[in-house]
Amino acid sequence: MWHRNATPVYAAFRAHCLRLIKQWKHETALHRYLSEKPFLATALGFDGIPSQDRLWKDWNRYFSEDDRELIAEAAEEIVNIARYRNVPAPDEVFRPDETADREESEPDSQSVRHLTREKTKEVWQHAKPFVTSAYDLQRGENADVHENAFWEGHAFIGPRAETCVNEGIESFAADTTRDRVQAPSTHRHHLSQLGVEDMRRMHRDCVSQLIERARRDSELVGNLVAAIDITKSNPYRSKGKLERDENGNVTNPWLLGYQNDAHESPQYYFQWASIQIVGQDIPLVLDALPVRRGMSRWEIVDELLEAATDIVDLDLVLLDREFDAEDVRDACETHEVHYLMPGRMDASERGTCTDLRRQGKLVHVESQRNLEYYSDGADTSRKEVYVPAMSADWSGDDLDAEPVEEDDDEESLRQELMSDFAETVDEDRERVGEMFSEVVDEVREEEEQQPTRGSAADARQYQLFKTNHPDIDAPGSEMDEIDTAQMVSGVLRHYRARWGIENGFKQIKSFRVRTTSMDHGYRLFNFLFASTLYNVWRLVDLLVKLELEDDPAHKPLVTADLFLTIAKQCFGLEPPD
């Protein structure tokens, strides 16, 4: 009954469900988010932007314990459905283990949790030197404060939300067992002196040690799958105005504009590109670099692959559609790595979609051009692969409508088709052809109304991928269409693993120190060091699972929250230096 004089109850339900999905512990972040997106507040059911106080009262006073449990269950189910449909969503393991202290926990579960905590503490003490031995401040030998205090302090600050260096170092000084720690200004100064290449080298040195340790347990051996992507920092917000040249362009080459909406002013971000192992292996961040204005996608891919292929053996690299360029594919082949990416559709590709639709073809493979062979003799001919976009509207309605611009999340949702294809053709080969022919017949009925060859409507019926993977045969092979669909699905399903890098980006934020500094080098260090801690967490989780005889292929046993809690407790353990 309380909602009559307060918040619409369903709006409050949805809002706090969103808060739990976003992993926000307090209403402050939710209020800020809705303030920045007033249209979302309306969509949730509010008449305006709800106040932070109102959101707090809804959750803490008006919702009962049963209500809160129901909202938590709904949030968990939404995340499960999103992940099933290949929409990037927080992994369950990224949330704090809220069940750890519940009285109804089974004894066996409590025992496992206890063993996990104890083993994590033990493993962390052995894993910490991987970080401290790889990172180097290059200071004089007469420095008073030990170098490891800088790394411990930075790791101490990262997990603390909304905490910057000034207050973070003060808290670290009070918490650590060290007699002396650096001043906040000294901390920032020395980290800012590190060059970009030095930062990247130190991160890679730590990665190499982690991989060497993982390989003792037969992990990260053989050819691996990696993903390359770009992530943004928090948007630049400052009372100081951005410096611009005479043409109105921002002069800082590292601060890049990004326009979320055509009717809004662009926001500015620092951006980093990284390469991360994805799939069934330990998801380590191999390397990262800052993105500057004018930097081509080819340069990014070439630099990242140059570093990554020196550390591990890569078989396949996954990229999103913004990397669809001839020189990017050249870079992959130069480093002898297969690639898989969605392709842009120009006039020629849209015309192909019209031809395929009129012929009622399910899948289609085109060979672009024959290239030289890899050193191992594998065929690297480039292929364009067309598959039906099942999420498109096959009803024949609105055929003249212009295609809607899709972001990467919406685009990759369509990759769900790949796994569905593989399962369907195994279970009912005939039904696949019938299913596709039915929708083609419906469109043929509208043939007279159909625009010219290469229409936007035809282009929406297919999804284009580009690859040089040898498991997809070039045209001319003796296979029927169903067998071709099976062959194509076997390769394209790898693309589902690309969201591993998105979830990695989400969790790296939990380790990253907050800053308002305009020094792109210092900001890059924050990202790289957070990536290093993320990598150590994933190795610690692997070693704990192996020690407890758990299946390493299963989801992490050591949550990020548990790892950070234990790491914070063990900063000053001997031998710290």
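Residues numbered from 1 in each chain as written. Predicted model: local features only at pLDDT ≥ 70, side-chain atom pairs only at ≥ 80, totals over all residues. Heavy atoms only, no water.

1. What to know about the overall build of the protein
Part 1: Across its full length, the protein carries 21 helices and 10 strands.
Part 2: The burial tally for the protein puts 48% of its 577 residues in the buried class.
Part 3: Pairs at least 24 residues apart make up 70% of the contacts formed inside the protein by residues separated by at least 6 positions.
Part 4: Split by element, the accessible area of the protein, about 28300 Å² in all, is 44% carbon and sulfur. (Helix = DSSP H or I, 4+ residues; strand = E, 2+ residues; numbered from the N terminus. Buried < 20%, exposed > 50% of the residue type's maximum accessible area, 1.4 Å probe, protein only. Contact = heavy atoms within 4.5 Å. Areas by Shrake-Rupley, 256 points an atom, 1.4 Å probe, with all protein chains shown as cover.)

2. Quick look at helix H1 (residues 9-21)
Because each turn of an α-helix spans 3.6 residues, side chains separated by three or four positions end up pointing in the same direction.
Part 1: In this model H1 runs 18 Å from its N-terminal to its C-terminal C-alpha over 13 residues, within 8% of the 18 Å that 1.5 Å per residue would give.
Part 2: Positioned one or two residues after H1, Gln23 has a phi angle of 65°, which is positive. (Expected span 1.5 Å × (residues − 1).)

3. Focus: the packing of aromatic side chains
Part 1: Under the counting rule described, the total for this entry stands at 15 aromatic pairs.
Part 2: Ring plane angle 20° and centroid distance 5.5 Å describe the contact between Phe525 and Phe529, whose orientation is recorded as stacked. Within this pair, Phe525 and its partner Phe529 are both found in helix H20 (residues 520-547), separated by 4 residues, close to a single helical turn. For the pair formed by Phe525 and Phe529, the shared burial category is buried.
Part 3: Among the aromatic residues, those joined into a cluster by ring pairs are Tyr135, Trp151, Phe525 and Phe529.
Part 4: For the cation-ring pair, Lys232 lies above Tyr269, with the distance from its terminal atom to the ring centre recorded as 5.2 Å.
Part 5: One residue, Arg297, lies across the ring of Phe323, its end atom 5.7 Å from the ring centre. (Phe/Tyr/Trp six-rings, centres within 6.5 Å; stacked < 30°, edge-to-face > 60°. Lys NZ or Arg CZ within 6 Å of the ring centre and 35° of its normal.)

4. Observations concerning the packing of helix H11 (residues 297-311) against helix H12 (residues 326-334)
Part 1: The contact between H11 and H12 brings their axes to 8 Å, and the two run at 10°. With respect to their mutual orientation, H11 and H12 come out roughly parallel. Here H11 contributes Arg297, Trp298, Val301, Asp302 and Leu305 to the contact with H12, which in turn contributes Asp327, Val328, Ala331 and Cys332.
Part 2: Considered class by class, the residues forming the contact of H11 with H12 number 6 nonpolar, no polar and 3 charged. (Axes fitted to C-alpha atoms, helices over the stretch in contact; angles between N-to-C directions. Parallel < 35°, antiparallel > 145°, perpendicular 65-115°, else oblique. Nonpolar A, V, L, I, M, F, W, Y, C, P; charged D, E, K, R; others polar.)

5. Some points on the environment of Val9
Part 1: Mapped onto the fold, Val9 is located in helix H1.
Part 2: For the pair formed by Val9 and Tyr62, sequence separation is 53 residues and the distance between their alpha carbons is 9.7 Å.

6. Comments concerning a negative patch on the surface
Part 1: Taken together, the side chains of Asp66, Glu69, Glu73, Glu76 and Glu77 present a region of like negative charge at the surface.
Part 2: As for its placement among the helices and strands, Asp66 is situated in helix H5 (residues 65-84).
Part 3: Look at Asp66 and you get exposed, because its relative accessible area is 57%. (Patch = residues over 30% accessible without salt bridge, like charges linked within 9 Å, V, L, I, M, F, W, Y side chains within 5 Å. Salt bridge = Lys/Arg side-chain N within 4 Å of Asp/Glu carboxyl O. Lys, Arg positive; Asp, Glu negative; His and termini not counted. Charge placed at Lys NZ, Arg CZ, Asp CG, Glu CD.)

7. Examining the pairing of strand S4 (residues 271-278)
Part 1: Counting buried positions along S4 gives 8 out of 8 residues, so the element sits mostly inside the fold.
Part 2: What you see with S4 is no split at all: Gln271, Ala273, Ile275 and Ile277 on one side and Trp272, Ser274, Gln276 and Val278 on the other are buried throughout.
Part 3: In terms of strand pairing, strand S1 (residues 224-232) meets S4 through 8 bridges, oriented antiparallel. Looking across to S4, one finds that Ala227 is bridged to Gln276.
Part 4: If you look at the hairpin formed by S4 and strand S5 (residues 285-290), you'll find 6 residues sitting between the two strands, and Gly279 has a positive phi there, around 95°. (Pairing = 2+ DSSP bridges.)

8. Quick notes on the nonpolar core
Buried together is how nonpolar side chains tend to be arranged in soluble globular proteins.
Part 1: Within the largest apolar cluster, 113 residues are counted, with the highest numbers of intra-cluster contacts made by Ile228, Ile275, Ile300, Val301, Leu314, Leu319 and Phe563.
Part 2: With 16 residues, H20 is the single largest residue contributor to this core.
Part 3: Residues contacting Ile228, with those up to four places away along its chain left out, are Ser274, Ile275, Val301, Leu304, Leu305, Val317, Leu318, Leu319, Phe323 and Ile501.
Part 4: One finds Tyr33, Ala41, Phe46 and Leu55 within the second-largest nonpolar core, a separate group that totals 10 residues. (Core = buried A, V, L, I, M, F, W, Y, C linked by side-chain atoms within 4.5 Å.)

9. What to know about the sheet that holds S1
Part 1: Ordered by their spatial adjacency, 8 strands build an open sheet running S5-S4-S1-S6-S7-S10-S9-S8, and the pairing between neighbours is mixed. Two strands close off the open sheet at either side, each with one partner strand: S5 and strand S8 (364-367). Averaged over all adjacent pairs, the angle separating strand axes in this sheet is 20°, with direction ignored.
Part 2: Sheet contacts for H12: strand S6 (314-318), strand S7 (338-342) and strand S10 (462-467); angle to S7, the most-contacted strand, approximately 155°.

10. Overview of the pattern of salt bridges
Oppositely charged side chains can pair when the atoms bearing their charge come close.
Part 1: Here the structure, examined in full by the defined rule, presents 27 salt bridges.
Part 2: With a shortest N-O distance of 2.5 Å, Asp287 and Arg200 are connected by a salt bridge. Here Arg200 lies in helix H10 (residues 196-215) and Asp287 lies in strand S5, a separation of 87 residues in the sequence.
Part 3: Judged by its relative accessible area of 0%, Asp287 falls in the buried class.
Part 4: Its salt-bridge partner being Arg382, residue Asp330 comes within 2.5 Å of it at the nearest N-O pair. Of this pair, Asp330 sits in helix H12 while Arg382 sits in the loop between S8 and strand S9 (383-388), and the two are 52 residues apart along the sequence.
Part 5: Given the relative accessible area of 30%, Asp330 is considered partly exposed.
Part 6: Linked by salt bridges that have partners in common, Asp324, Glu326, Arg329, Asp330, Glu333, Arg382, Glu384 and Lys466 make up one network.

Purely spatial values, then, with no claim about function.
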